[in-house]
Amino acid sequence: MKTRVFRLEANASWHEALRVAATALRNGELVAFPTETVYGLGGHALDELAVRRIFAAKGRPADNPLIVHVPSVEALRPLVATIPPQLPLLARCFWPGPLTLVLPRSSIVPDVTTGGLDSVAIRLPNHPVALALLQRVRVPLAAPSANRSGRPSPTQASHVLDDLAGHVAVVLDGGSARVGVESTVLDLTGELPTILRPGGITREQLAAVLGEVVVDSRARALPNGDIEASEPVRSPGMKYQHYAPQAPATLVEGEPPGVWQGLCDLLQMQGAKRYGLLVSREGEEWLRQCELPPGAVILCLGSRNHPEEFAQHLFSALRTMDEKQVEAIFIEGISEEGLGLAVMNRLRRAAGGRIVAADRVGR
Ligand code: TXA
Ligand code: MG
């Protein structure tokens, strides 16, 4: 299949691109489009064949359900069995935006879309191209992140093409994603609203509106649900492997300057000829006084005090490490406050359980 790419500039006409994309989607073909979080691989959510194509293109396990994207609150009504009491308030506060709500599903949503669950995940994205496409095509779009399963999520159209060229009919290029990590997945089917995946809307923002919000233990992506237990252990399985770069990544967690000292000590011990270092601006500065072994590819993710900078840069940085063909990657962890919770979830998964508490390095 030949993939058609359209670049959608802010002040140019999107007419032809949207026409071609909407036609492809109505024919059951796939279209990758930008959202504020990451690029999505869209298909007609109510068309079983189209949804199967999404799973095949990504190489995604069939039991991992998809998020259904809609252009308005009205458009979600036919997809759900009941509207939970918190929904109107959440929609008013956070939609359009990086919040996905898990709701009881109606019978028009096919099993393939929800992985056989009796709930459906729904989101109203905040991106002009995504909204224009949804309004134009007038069907709900199932859209997982537009990467091959297991790879870092795409924050630029070039990432989508690297993974999926030839497997998607159309790519709409809307530039770099603003948020950089995926939406927060909030389950509203239980007794208390529960964060299943931390993302662009923070736990603090949700708590301010809902009063109480539970964070599912898996949302922190700790190897044993417990950082204390995470001395230099190998991951027991592939369960946490996600967003994975090709080279093994090790995440060092702790407060500065301990976290930098820990990184420094770990780097002295490592044996790779060519290795990658993902650090904060402050960490990069501090590490200048540490005698690093040769062969470092250093990328700065942003300030430790601005987790939104880490969020924006982390996936493309992981892809860059693949391009540079490093043999090992070392990453500075940050605090789990605010967007830091989503950032640390992604970094722990990228590290596949190789998490080191800074004060335990070398012990
Ligand atoms: O920001 C995002 O959410 C992006 C953009 C494209 O919208 N999409 C995205 O989709 O990240 P994906 O497929 O990569 O992740 C969907 C997440 C998975 O963790 C999946 O298990 C969860 O949402 N999910 C989907 N439906 C669910 C359901 N019914 N119950 C519980 N979790 C669900
Ligand atoms: Mg994904």
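Residues numbered from 1 in each chain as written. Chains lettered and ligands numbered in written order. Predicted model: local features only at pLDDT ≥ 70, side-chain atom pairs only at ≥ 80, totals over all residues. Heavy atoms only, no water.

### Some thoughts on the environment of E204
- As for its placement among the helices and strands, E204 is situated in helix 7 (residues 203-210).
- It is 6.5 Å that separates the C-alpha atoms of E204 and G338, two residues lying 134 residues apart in sequence.
- If sequence neighbours within four positions are ignored, E204 has contacts with E337 and G338. (Helix = DSSP H or I, 4+ residues; strand = E, 2+ residues; numbered from the N terminus. Contact = heavy atoms within 4.5 Å.)

### A closer look at the packing of helix 10 (residues 307-323) against helix 11 (residues 340-350)
- Between helix 10 and helix 11, the shortest axis-to-axis distance is 9 Å and the interhelical angle comes to 25°. Overall, the two elements helix 10 and helix 11 adopt an arrangement that is roughly parallel. Remark: the crossing between helix 10 and helix 11 carries left-handed chirality. Within the contact between the two elements, helix 10 uses P307, F310, A311, L314, F315 and L318 and helix 11 uses G340, V343, R346 and A350.
- Taken together, the residues that form the contact of helix 10 with helix 11 break down as eight nonpolar, one polar and one charged. (Axes fitted to C-alpha atoms, helices over the stretch in contact; angles between N-to-C directions. Parallel < 35°, antiparallel > 145°, perpendicular 65-115°, else oblique. Left-handed = near helix turned anticlockwise from the far one by under 90°. Nonpolar A, V, L, I, M, F, W, Y, C, P; charged D, E, K, R; others polar.)

### Let's talk about the sheet that holds strand 15 (residues 328-332)
- Read from one edge of the open sheet, five strands run 14-13-15-12-16, paired in parallel fashion. Strand pairing shows two members of the sheet lacking a second neighbour, strand 14 (296-302) and strand 16 (355-357), which therefore form its edges. Averaged over all pairs of adjacent strands, the angle between their axes in this sheet comes to 20°, without regard to strand direction.
- Relative to strand 15, strand 13 (residues 275-280) runs parallel, the two being bridged by four bridges. Across the sheet, Y275 pairs through a bridge with A328, a residue of strand 15.
- Across the sheet, helix 8 (residues 258-269) touches strand 12 (249-253), strand 13 and strand 15, and the angle it forms with strand 15 is around 165°. (Pairing = 2+ DSSP bridges.)

### Let's talk about unusual backbone geometry
- In this model, W95 is joined to P96 through a cis peptide bond whose omega is -5°.
- Along the chain, the position of P96 falls in the loop between helix 3 (87-94) and strand 5 (99-104).
- In this structure, the amide linkage connecting P256 to the following residue, P257, adopts the cis form with an omega of 0°.
- Non-glycine residue Q325 carries a positive phi angle of around 50°.
- With respect to the secondary-structure elements, Q325 resides in the loop between helix 10 and strand 15.

### Focus: the nonpolar core
- Grouped together as the largest cluster of nonpolar side chains are 42 residues, with contacts concentrated most on L99, L101, I122, L186 and L206.
- The residues contacting L99, other than those within four sequence positions of it, are L90, F94, I122, R123, S183, T184, L186, I201 and L206.
- Judged by nonpolar contacts, the second largest core, of 28 residues, contains M321, I334, V343 and L347. (Core = buried A, V, L, I, M, F, W, Y, C linked by side-chain atoms within 4.5 Å. Buried < 20%, exposed > 50% of the residue type's maximum accessible area, 1.4 Å probe, protein only.)

### Some words on the pattern of salt bridges
- Tallied over the full model, the rule gives 17 salt bridges.
- Put simply, E182 and R346 hold a salt bridge, and the shortest N to O gap is 2.8 Å. You can see E182 sitting in the loop between strand 8 (170-173) and strand 9 (184-187) and its partner R346 sitting in helix 11, a full 164 residues away along the chain. Of the two residues, E182 and R346, neither departs from the other in class, the shared state being buried. (Salt bridge = Lys/Arg side-chain N within 4 Å of Asp/Glu carboxyl O.)

### A short note on the site of ligand 1
- Near ligand 1 lie 24 residues; those nearest to it are T37, N64, H69, R123 and S183.
- Between ligand 1 and S119, the relevant distance is 3.0 Å, taken from a nitrogen atom to a side-chain nitrogen or oxygen of the residue.
- Summarising the interface, the protein chains cover 88% of the accessible area of ligand 1, which totals 680 Å² for the free molecule.
- Listed by contribution, the elements that provide at least two residues to the shell around ligand 1 are strand 4 (67-69), strand 6 (119-123) and strand 10 (194-197).
- The element best represented in the shell around ligand 1 is strand 6, accounting for four residues.
- Along the lines of polarity and charge, the residues of the shell around ligand 1 split into 13 nonpolar, seven polar and four charged. (Near = heavy atom within 4 Å. Polar contact = N/O pair within 3.5 Å; in protein donor to acceptor, adjacent residues only side chain to side chain. Areas by Shrake-Rupley, 256 points an atom, 1.4 Å probe, with all protein chains shown as cover.)

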